[in-house]
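Structural features, examined
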Amino acid sequence: MLNPGMLQEQFFMADKNLSDELLREKLDKKYMKAALAQARKAIDLGEVPIGCVIVYEGKIIGRGYNRRNTDKSVLCHAEITAIKKACKKMGDWRLEDCTLYVTLEPCQMCAGAIVQSRIPRVVMGALSPKAGSGGTVINILDNPEFNHQVEITKGVLEEDCSAILKEFFTELRKRNKAEKEAKKAAMALEESESSDL
Ligand SMILES: [Zn+2]
């Protein structure tokens, strides 16, 4: 039988684990909000809104957002930019003890860079059905065959992270449709003008 002291200690431990978990959840949301703020910067450039931050000892040491069209480079994904900045700050290619927060599940390129930079934990918002390399299409982040495995936390502020993407694509479709219609109208006008000649 457990003596009262041991029992008390067990309760204390359970309580501590719970509060650690709650603290982690709270921090995850806080940093995902910072990643969302990065994603909003991409919207201003007409880019697909994906944002990322890297945190070390309670401080953001790298930020990034998608700039693929602006910089005309496939390498300009949010995670790669954030990794570059974090490495510069740390003075090391290894990002051990860092956590990476990203609004959308990383693609195969970014997941590869995350594994290569030894990041121990990735927190993601929305899942990516077409390129998700944290388990949706393929799991590069946590693959026992590689020399490094990443702990994955999914679904943090998932609704907000999905909503920002959905809104962007709805707007894009509207814009494309309006452009198409304007083109059609211009062509019809041109035709009617030339038939008048
Ligand atoms: Zn990527």
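Everything below is about the structure shown above.
The present account deals with the structure reproduced in this document.

**What about the pairing of strand 3 (residues 98-104)?**
The buried fraction of strand 3 amounts to 7 of the 7 residues, a majority that puts the element mostly inside the structure. Examined bridge by bridge, strand 1 (residues 51-56) and strand 3 share 5 bridges and lie antiparallel to one another. Pairing of Val55 across the sheet is with Thr99, part of strand 3. Chirality of the crossover, the property in question, places the unit of strand 3, helix 3 (residues 108-116) and strand 4 (residues 121-126) among those that are right-handed.

**Comments concerning the nonpolar core**
Among the nonpolar cores identified, the biggest contains 41 residues, and Ala35, Ile54, Leu100, Tyr101, Val102, Ile114 and Val122 are the most heavily contacted of them. Going through the elements one at a time, helix 1 (4-44), strand 1, helix 2 (78-90), strand 3, helix 3, strand 4 and helix 4 (158-196) are the ones with two or more residues in this core. It is helix 1 that contributes the most residues to this core, 6 residues altogether. The residues touching Ala35, leaving out its near neighbours within four places in the chain, are Gly51, Cys52, Val53, Tyr101, Val102 and Thr103.

**Some words on the packing of helix 2 against helix 3**
Angle between the axes and distance between the axes: these two values describe a pair of packed helices. At a minimum axis distance of 9 Å, the contact between helix 2 and helix 3 shows a crossing angle of 25°. As summarised for this structure, helix 2 and helix 3 are arranged roughly parallel, according to the angle between their axes. Of the two possible hands of crossing, helix 2 and helix 3 adopt the one that is left-handed. Contacts from Glu79, Ile80 and Ile83 in helix 2 reach Cys110, Ala113 and Ile114 in helix 3. Class assignment for the residues of the contact of helix 2 with helix 3 results in 5 nonpolar, no polar and 1 charged.

**Details of the sheet that holds strand 3**
Spatial strand order, 2-1-3-4-5: 5 strands in an open sheet with mixed pairing. Each edge of the open sheet carries a strand with a single partner, namely strand 2 (59-65) and strand 5 (151-153). Within the sheet, the average angular offset between the axes of one strand and its neighbour, ignoring direction, is 20°. Pairing geometry for strand 4 and strand 5, over 3 bridges, is parallel.

Definitions and cut-offs
Residues numbered from 1 in each chain as written. Predicted model: local features only at pLDDT ≥ 70, side-chain atom pairs only at ≥ 80, totals over all residues. Buried ≥ 20, exposed ≤ 12 C-beta atoms within 10 Å, placed from the backbone. Helix = DSSP H or I, 4+ residues; strand = E, 2+ residues; numbered from the N terminus. Pairing = 2+ DSSP bridges. Right-handed = clockwise from strand over helix to strand, strands pointing away. Core = buried A, V, L, I, M, F, W, Y, C linked by C-beta atoms within 7 Å. Contact = placed C-beta atoms within 7 Å. Axes fitted to C-alpha atoms, helices over the stretch in contact; angles between N-to-C directions. Parallel < 35°, antiparallel > 145°, perpendicular 65-115°, else oblique. Left-handed = near helix turned anticlockwise from the far one by under 90°. Nonpolar A, V, L, I, M, F, W, Y, C, P; charged D, E, K, R; others polar.

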